Amino acid sequence: MLGISLAAPIGPVNAAQVEKGIKGGFMNSWAVGLGAMAADALYMFAVFLGVSRFLEYEVVTVFLWLFGCFVLIYTGFESIMKVKKEAQTGLGVRSNESPRQSFQIGFLISISNPLTILFWLGIYGSVLAKTIAEYEMATVWLYSVAIFIGIAAWDFTMAVLSSTARAFMNEKALIAISAFSGVCLIGFGVYFGYHGIALLLG
């Protein structure tokens, strides 16, 4: 349930999965989810190493918000420009992007997402501290794997739904959804930027 609660809220990764699923099919959407999970694995490992204490420094938190802002706005604009170009040339929104490229996008979005960072270093860090105090390390790893199973289940479901949906939509609907996904990424970027600037200005 904790893994699903991390993956389920509509966020940058879900928006990217919908876009890639509609444009490139199941494998591209699933690759975005796998990329995001790879970033999650790095953060989980970082928690085990005790990196969460660095969040106590305000400058680190401000950097995370602003860096996430830049990555999401850039990715969103790039997505919208591609959709615009495809619509003008009449090529449609079907993508020849490889799953490897989609994996890289998912990884980049997740690794730069302050909310993901705060979840793993904050919420998971707290759960880990409590679990380690009460259980053996084998149980701690089992709980951590269970979190990843929840994330994987949600990402797989998103990949299936987005790739299946494109078979029932005409070209205009696909273009509109792809453009909307790009706008969502920009919106999340602005949201992150607002929090970073607000924290910076006190």
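Residues numbered from 1 in each chain as written. Predicted model: local features only at pLDDT ≥ 70, side-chain atom pairs only at ≥ 80, totals over all residues. Heavy atoms only, no water.

A. Spotlight on the UniProt feature "transmembrane region" (unreviewed entry) in the protein chain. As annotated in UniProt, the feature "transmembrane region" (unreviewed entry) corresponds to residues 31–52, 59–77, 105–128, 140–161 and 173–194 in the numbering used here. Annotated as residues 140–161, this span is 100% helix and 0% strand, and its ends, taken at the C-alpha atoms, are 32 Å apart. (UniProt positions renumbered as here; feature names shortened; annotations may be inferred. Helix = DSSP H or I, 4+ residues; strand = E, 2+ residues; numbered from the N terminus.)

B. Broad picture of helix 2 (residues 12–24). For helix 2, built from 13 residues, the straight-helix expectation of 18 Å at 1.5 Å per residue is met to within 8% by its first-to-last C-alpha distance of 18 Å. In terms of burial, helix 2 is largely enclosed, as eleven of its 13 residues are buried. Along helix 2, the residues that are buried comprise Pro12, Val13, Asn14, Ala15, Ala16, Gln17, Glu19, Lys20, Gly21, Ile22 and Lys23. (Expected span 1.5 Å × (residues − 1). Buried < 20%, exposed > 50% of the residue type's maximum accessible area, 1.4 Å probe, protein only.)

C. Expanded view of the nonpolar core. Of all hydrophobic cores here, the largest spans 16 residues; its most connected members are Trp120, Tyr124 and Ile151. Those elements giving two or more residues to this core turn out to be helix 3 (26–48), helix 6 (114–134) and helix 7 (137–165). Per-element accounting of this core gives the leading share, six residues, to helix 6. For Tyr124, the contacting residues outside a window of four places in its chain are Met44, Val47, Phe48, Phe119, Ser144 and Ile147. (Core = buried A, V, L, I, M, F, W, Y, C linked by side-chain atoms within 4.5 Å. Contact = heavy atoms within 4.5 Å.)

D. Local environment of the packing of helix 2 against helix 7. The geometry of helix 2 relative to helix 7 is characterised by a closest axis approach of 8 Å and an angle of 40° between their N-to-C directions. Judged by the angle between their axes, helix 2 and helix 7 are oblique. Pair helix 2 / helix 7 crosses with right-handed handedness. Here Asn14, Gln17, Val18, Gly21 and Ile22 of helix 2 lie close against helix 7, whose contacting residues are Trp154, Asp155, Met158, Ala159, Ser162 and Ser163. Its residues assigned to classes, the contact of helix 2 with helix 7 shows five nonpolar, five polar and one charged. (Axes fitted to C-alpha atoms, helices over the stretch in contact; angles between N-to-C directions. Parallel < 35°, antiparallel > 145°, perpendicular 65-115°, else oblique. Left-handed = near helix turned anticlockwise from the far one by under 90°. Nonpolar A, V, L, I, M, F, W, Y, C, P; charged D, E, K, R; others polar.)

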